[in-house]
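So the chains spell out like this:
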Amino acid sequence: MPQNRWLSWLSPLLLVVLWEGAVQLGILNRIFIPPPSEVVVALIKGLADGSLLADVVISSERIALGFLIGAIPATVLGIWSGLNRTVYLLVRPLATMLYPVPKIALLPLVIVVLGIGEVSKIATVALSVFLMVVIHTIGGVMQVDQRYFEVGRLYGANQRTLFRTVALPASLPAIIEGWKLAMGFALTLIVGVEFVGASNGIGYRIWQSYELYAIADMMAAVCLIAALGWVITLGLDEVERLLVPWRHTVKESRMPLLKKWWGAVRPWSYTAAIVPVLLGAAIAAQQGGLNWLWLVLALIGSIAIQGGTNLMNDYYDYKKGTDTPAVKGTGGALLRGEMTPQQIFWAGILAFALGSAIGLYLVSVTGPFILWLGLCSVAVGYFYTAGPFALAYVGLGEVAVFIFMGPVMVLGSYYLQQPVIAWPAIWAALPVSFVVAAILHANNLRDIDTDILNHKRTLATMLGRSGARIEYYVLVGGAFVSVLLLVALGLAPWPTLISFAMAPLAWRLMRTAATEEAAEKLHPVLRGSALLHMRFGMLYVIGWVIALWI
Amino acid sequence: MQAAPIVFAQAGLTYPNGVEALADISLTIATRSAVAVVGPSGCGKTTLLRTIAGLERVSTGTLSVAADATRAMVFQSGLLFPWMSVADNISYGLMTRGVPLAQCRERARVWADRMGLQRFIDAYPHQLSGGMQQRVGIARALAIQPDIVLFDEPFAALDAQTRLLMQELVCDLQRQGVCGTMVFVTHAIDEALIVADRIIVMSARPGRIIADITPQLPDVPIAEKRALPAFNQAFADIWAQIRSEVELQMHEGVR
Ligand SMILES: Nc1ncnc2c1ncn2[C@@H]1O[C@H](COP(=O)(O)OP(=O)(O)OP(=O)(O)O)[C@@H](O)[C@H]1O
Ligand SMILES: [Mg+2]
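Thresholds applied
- Residues numbered from 1 in each chain as written.
- Chains lettered and ligands numbered in written order.
- Predicted model: local features only at pLDDT ≥ 70, side-chain atom pairs only at ≥ 80, totals over all residues.
- Heavy atoms only, no water.
- Helix = DSSP H or I, 4+ residues; strand = E, 2+ residues; numbered from the N terminus.
- Buried < 20%, exposed > 50% of the residue type's maximum accessible area, 1.4 Å probe, protein only.
- Contact = heavy atoms within 4.5 Å.
- Areas by Shrake-Rupley, 256 points an atom, 1.4 Å probe, with all protein chains shown as cover.
- Salt bridge = Lys/Arg side-chain N within 4 Å of Asp/Glu carboxyl O.
- Polar contact = N/O pair within 3.5 Å; in protein donor to acceptor, adjacent residues only side chain to side chain.
- Nonpolar A, V, L, I, M, F, W, Y, C, P; charged D, E, K, R; others polar.
- Near = heavy atom within 4 Å.
- Pairing = 2+ DSSP bridges.
- Axes fitted to C-alpha atoms, helices over the stretch in contact; angles between N-to-C directions.
- Core = buried A, V, L, I, M, F, W, Y, C linked by side-chain atoms within 4.5 Å.
- Phe/Tyr/Trp six-rings, centres within 6.5 Å; stacked < 30°, edge-to-face > 60°.
- Lys NZ or Arg CZ within 6 Å of the ring centre and 35° of its normal.
- Expected span 1.5 Å × (residues − 1).
- Disulfide = S-S within 2.5 Å.
- Patch = residues over 30% accessible without salt bridge, like charges linked within 9 Å, V, L, I, M, F, W, Y side chains within 5 Å.
- 1 Å grid on protein atoms, 1.4 Å probe; cavity = no way out; pocket = protein on both sides within 12 Å on 5 of 7 lines; lining within 4 Å.
- Points joined across faces, edges and corners; volume = space filled by probe spheres on them.
- Left-handed = near helix turned anticlockwise from the far one by under 90°.

Undergrad: I keep staring at the overall build of chain B and nothing clicks. Help me out?
TA: The number of helices and strands found in chain B is 9 helices and 9 strands. Sorting the 255 residues of chain B into buried and exposed places 53% on the buried side. Considering only contacts in chain B between residues 6 or more positions apart, those separated by 24 or more positions represent 71%. By element, 52% of the accessible surface of chain B is carried by carbon and sulfur atoms, the whole surface being about 11300 Å².

This is the structure in structure tokens:
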């Protein structure tokens, strides 16, 4: 019930308000206990100068590595011992013996053996994760109801099939439970490890702030690690929902969170947001090193803007009542009552806010050129469907997309890394321009009949069906031809030719576009074009990356 | 196609913990016949089915079942795989035998239609009602076109109305000839009379055969069948046989 959900936010909110009030009124000493507002300022400062984020990244890396190194062999070994008596007798006693030892107590020993470096930190986490996961996995496999094995055997399953269809799925819930607990351990442990023997990471940050008596900084770091824990928990819950779908379908009749929002924000459309940013960075990297933080921020920003656009489109479509229940995406989710319009709207605003904040930050560190690019993009985005001269409705949609989701984005991402306006980056963006325009055009080609009825003037309706088909060939073919030309002219390195691996996909799409007329038959061409953009674009980027080494 | 009947000869079964579940069972079940087994709780009915299924071996005497006969069982507690969709559960026995996936899917669809489950083909078992779950269990058993189908009190946990529907379903399936040789264990005497032509009555533990009845009932709709004097006569006969055994079992339970 939504009311209850709001209620559950009330007590933390109240706590924050009381805390702030108590400090402002002087009841609490702000030297020892800074108010939430100061913590927020410290948090923003730390995030803005990148140092706090860098610490989170380092700690996350340690956790992730330690978790994978511990959990993967532990899961395999655990399943094996659950099924095989001999292995069980070998593994179980050792695991139960070591299990209760507080792993942090072993850190000095680990340091003696492995040194004080990165390895010992990861090893401590991995060891703890390993033990936790082994024990839970063994338990999980052994508690499987034996009758299921009987049923399997009765219905003709051999040993291998039994493993795949009974042992594994039946023990999976317990195994994942083990992963979750182990992850909680890893999080606690990494902070402890970083307190003692580290010169970076979030635990180190907390400890150092304490020693400097920078309590606000310390709390900001604590907030961040709490957020990290929260994100990890959510992530593992999602993993569980994906791997163990049969357990959740009744308990929570709602769709898995991720799946719901997945449909809402349409990540497959992000290929248009991601590929140009990666391409710009890859081209810039040919000239020298990369600023990874800025690249990541640019990616997040670009994705956020794209996501916000998708969400807002759905919101307004819903308001205007143009969507039907068949419509995929949030429009559909809204109509099916899985999400409220308010949720969509605010998620959209949040995404835009995030995108703009990142954009402004990048402007502040790299100069006004990015700002101009951004403002132009916003203007085009606005005039795309709004205003008296809506680009999309006078047949200029493809042109706008061609320019802005190709050269402009690539140049922007390039400029972040190498602050010059480089023509080679613009030329190199052309293949991506062609495919992204092809996506839009596939949409218009599909809707050509209804658009003609509604007097919507797209390039497709202006050209007519056969002309529109030729346009699709030109756009898809243009992508490949432009790669060839760029390589021939020395404007792109020869490894980018691996993008031709997508020629068969392109060929299939063109054939479908050539033969089909019905909208539902042409819909796969739209999805396929987006797929082509992603695969072709990524291969093209990978070509540029390979060129860094040869 | 298996032609040999199922033959028990002075068969007995004692579990490793010393419980003697079956004693001196001599019984021949003809191919493609429909036999019901009734008896008090804990008398060894499930054990009897498990020996036919090959999940348990008789410890004395012999049991012969054609070695190549495919066997399927519908379990007392369903025992559907909770992690598989209805479709995957139904086609499980086909999948294990290497039937291509597309064909499995197709067979599952056919059986789901037949069982009135078409709308639930992608659901998980826990999303179904008890009656639907048992229908999936029956579909899983019959999808492999078994030579022998063993039903172990499949409807015991269902409400009375659903139960009537399910009995009709089993009778229909039988009439369509998809059940092969059928052995149907039940607590309910009327159910036994409806689904089978021949009824075996077992004693309290260790289970022995105390009566073997073949009531001659005409092949009429179930509702009419229940109203026949012959039906009631057979019911009374069987009850008379079984009553003392149930009482015995009850007293044993008290003691
Ligand atoms: N695996 C086993 N090991 C030991 N004893 C068993 C085993 N399975 C069943 N028994 C015992 O054998 C006896 C017969 O069991 P069985 O399950 O065959 O009875 P049943 O007639 O099917 O009973 P119900 O009507 O309650 O299902 C019971 O006393 C039971 O406790
Ligand atoms: Mg039983």
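Picking up after the structure, the text goes on.
Undergrad: Explain the overall build of chain A to me, please; I cannot follow it from the model alone.
TA: Helices and strands together make up the secondary structure of chain A, namely 23 helices and 0 strands. Relative to its 550 residues, chain A shows a buried fraction of 47%. A sequence separation of at least 24 residues applies to 71% of the contacts in chain A between residues at least 6 apart. When the accessible surface of chain A is totalled, it reaches about 27900 Å², and 72% of it is carbon and sulfur.

Undergrad: Looking at this structure, I do not really get the pattern of salt bridges. What am I missing?
TA: Think of it this way: side chains of opposite charge can pair up when their charged atoms draw near. The tally for this structure, following the rule as stated, stands at 21 salt bridges over all chains. In this structure, the salt-bridge partner of Arg50(B) is Glu150(A), at a minimum N-O distance of 2.6 Å. One end of the pair, Arg50(B), is in helix α1 (residues 45-53); the other, Glu150(A), is in helix α7 (residues 146-154), on a second chain. Both residues of the pair, Arg50(B) and Glu150(A), belong to the buried class. For Asp219(B), the salt bridge is made with Arg175(B), and the minimal N-O distance between the two is 4.0 Å. Note that Asp219(B) is positioned in the loop between β9 (209-213) and α8 (222-227) and Arg175(B) in helix α6 (residues 160-175), a separation of 44 residues in sequence. Each member of the pair, Asp219(B) as well as Arg175(B), is classed as exposed. Put simply, Asp449(A), Arg465(A), Arg469(A) and Glu517(A) are held in one network by salt bridges that share partners.

Undergrad: Help me understand the interface of chain B and chain A, please; the structure alone is not making it clear to me.
TA: Frequently, the measure chosen for interface size is the accessible area removed from exposure when the parts meet. Contacts between the two partners involve 25 residues from chain B and, on the opposite side, 21 residues from chain A. Our count for the contact surface shared by chain B and chain A stands at 8 residue pairs in polar contact (both at pLDDT 80 or more). In terms of residue class, the side of chain B that touches chain A is built from 16 nonpolar, 5 polar and 4 charged.

Undergrad: Got a minute to help me understand the site of ligand 1 in this structure?
TA: Residues and elements named next belong to chain B. In the vicinity of ligand 1 there are 15 residues, among which Gly42, Lys45, Thr46, Thr47 and Arg205 approach most closely. Tyr15 places a side-chain nitrogen or oxygen 3.4 Å from a nitrogen atom of ligand 1. Between an oxygen atom of ligand 1 and a side-chain N or O atom of His187, the distance comes to 3.2 Å. Computed on the free molecule, ligand 1 has an accessible area of 630 Å², of which 68% lies beneath the protein chains in the complex. Considering every element that reaches the shell around ligand 1, the biggest residue donor is α1, with 3 residues.

Undergrad: Hey, could you run me through the sheet that holds strand β4 (residues 60-64) of chain B in this one?
TA: Strand pairing in a sheet relies on backbone hydrogen bonds, with the paired strands running either antiparallel or parallel. Residues and elements named next belong to chain B. Across the sheet, 3 strands lie side by side as β2-β1-β4; this open sheet has antiparallel pairing. Two strands lie at the open edges of the sheet, namely β2 (20-29) and β4, each paired on one side alone. The average undirected angle you get between the axes of adjacent strands in this sheet is 20 degrees. In this structure, strand β1 (residues 6-14) lies alongside β4, joined through 4 bridges in antiparallel fashion. Its bridge partner lying in β4, Val7 is registered against Ser64.

Undergrad: Explain the nonpolar core to me, please; I cannot follow it from the model alone.
TA: Across soluble globular proteins, nonpolar side chains have a tendency to be buried as a group. In this structure, Ile90(B), Trp111(B), Ile138(B) and Leu173(B) are the most contacted members of the largest nonpolar core, which totals 147 residues. Counting residues per element, this core draws most heavily on helix α8 (residues 159-197) of chain A, at 14 residues. Excluding anything up to four places from it in sequence, Trp111(B) contacts Ile90(B), Ala139(B), Leu142(B), Ala143(B), Leu173(B) and Val178(B). In terms of nonpolar packing, the next biggest core, distinct from the first, is built from 71 residues, Val380(A), Ile439(A), Val476(A) and Met502(A) among them.

Undergrad: What am I meant to see in the packing of aromatic side chains here?
TA: Between two aromatic rings, the relevant description is the distance of the centres plus the angle of the planes. Scanning all chains against the criterion turns up 16 aromatic pairs over all chains. Plain terms: the ring middles of Phe151(B) and Phe184(B) are 5.1 Å apart, the flat faces sit at 25 degrees to each other, and that makes the pair stacked. Note that Phe151(B) is positioned in strand β6 (residues 148-152) and Phe184(B) in strand β7 (residues 181-185), a separation of 33 residues in sequence. Phe184(B) gets classed as buried once you look at its relative accessible area, which sits at 0%. Here a set of aromatic residues connected by ring pairs shows up, and it is made of Tyr148(A), Trp246(A), Phe81(B), Trp83(B) and Tyr92(B). Across the ring face of Phe81(B), the terminal group of Arg140(B) is positioned such that the distance to the ring centre comes to 5.4 Å.

Undergrad: Hey, could you run me through helix α19 (residues 430-446) of chain A in this one?
TA: Side chains of residues three or four places apart in an α-helix project in the same direction, reflecting 3.6 residues per turn. For α19(A), built from 17 residues, the straight-helix expectation of 24 Å at 1.5 Å per residue is met to within 8% by its first-to-last C-alpha distance of 24 Å. Here α19(A) lies mainly inside the structure; 15 of its 17 residues are buried.

Undergrad: Please explain the state of the cysteines as it appears in this structure.
TA: Chemically, a disulfide is nothing more than a covalent bond linking the sulfur atoms of two cysteines. The full count for this structure, using the stated rule, is 0 disulfides over all chains. Here Cys179(B) stays unpaired: no disulfide links it, and the sulfur of Cys171(B), its closest cysteine neighbor, is 9.4 Å away.

Undergrad: Whenever I open this one, a nonpolar patch on the surface confuses me. Can you help?
TA: Side chains of Leu484(A), Trp494(A), Leu497(A), Ile498(A), Phe500(A), Ile542(A), Ile546(A), Leu548(A), Trp549(A) and Ile550(A) sit close together on the surface and give an oily, nonpolar patch of about 1000 Å² of accessible area. You can see Ile550(A) is positioned in the segment after α23 (519-547).

Undergrad: It is not clear to me how the sheet that holds β7(B) should be interpreted in this structure. Could you clarify?
TA: Residue and element names in this part refer to chain B. The strand order across the open sheet formed by 6 strands is β5-β6-β7-β3-β8-β9, and the pairing between neighbours is mixed. The outermost strands of the open sheet, each flanked by one partner alone, are β5 (71-74) and β9. When strand polarity is set aside, the average angle formed by the axes of neighbouring strands in this sheet is 15 degrees. Examined bridge by bridge, β6 and β7 share 5 bridges and lie parallel to one another. The residue of β7 that forms the bridge with Val149 is Met182. Helix-sheet contacts for α1 involve β3 (34-38), β5, β6, β7 and β8 (198-202), and the interaxial angle to β6 is about 160 degrees.

Undergrad: So what exactly am I meant to see when it comes to empty space enclosed by the protein here?
TA: Space left empty within the atom packing is revealed by a probe, the size of a water molecule, rolled over the atoms. Residue and element names in this part refer to chain A. If you walk through the whole model with that rule in mind, you get 1 cavity of 30 Å³ or more. Put simply, the largest cavity is a space of about 30 Å³. What lines the largest cavity is Leu107, Ile111, Ile116, Ser120, Lys121, Val193 and Gly197. Mapped by element, the contributors of at least two residues to the lining of the largest cavity are α5 (107-114), α6 (118-142) and α8. For the lining of the largest cavity, the class distribution of residues is 4 nonpolar, 2 polar and 1 charged.

Undergrad: Just to check I follow, could you spell out the side chain of Thr186(B) for this structure?
TA: All names here are of chain B. Looking at the element boundaries, Thr186 is found in the loop between β7 and α7 (189-195). A polar contact of 2.9 Å, which involves the side chain of Thr186, links it to the backbone nitrogen of Ala188. Ignoring sequence-local partners within four residues, the contact set of Thr186 consists of Val37, Val38, Gly39, Lys45, Glu153, Arg163, Glu191 and Ala192.

Undergrad: I keep staring at the packing of helix α3 (residues 51-83) of chain A against α8(A) and nothing clicks. Help me out?
TA: Each pair of packed helices can be described by the angle between their axes along with the distance between the axes. All names here are of chain A. Closest axis-to-axis distance for the α3/α8 pair is 9 Å, and the angle between their directions is 145 degrees. In this structure, α3 meets α8 at a crossing whose hand is right-handed. Residues Ser59, Arg62, Ile63, Phe67, Thr75, Ile79 and Leu83 of α3 lie in contact with α8, whose contacting residues are Phe163, Ala167, Leu168, Ile175, Trp179, Ala182, Met183, Ala186, Leu187, Ile190 and Glu194. Looking at the contact of α3 with α8, its residues break down into 14 nonpolar, 2 polar and 2 charged.

Undergrad: Whenever I open this one, α1(B) confuses me. Can you help?
TA: Residue and element names in this part refer to chain B. Burial analysis of α1 places 8 of its 9 residues in the buried class, the great majority of the element. Restricting attention to buried positions, one finds in α1 the residues Lys45, Thr47, Leu48, Leu49, Arg50, Thr51, Ile52 and Ala53. Of the residues one or two after α1, Gly54 is the one with positive phi, at around 90 degrees.

Undergrad: What am I meant to see in the environment of Tyr472(A) here?
TA: Residue and element names in this part refer to chain A. Here Tyr472 is to be found in helix α21 (residues 459-488). By relative accessible area, Tyr472 is classed as buried at 0%. As a C-alpha pair, Tyr472 and Leu445 span 27 residues in sequence and 8.4 Å in three-dimensional space. For Tyr472, the contacting residues outside a window of four places in its chain are Ala438, His441, Ala442, Leu509, Met510, Ala513, Val525 and Ser529.

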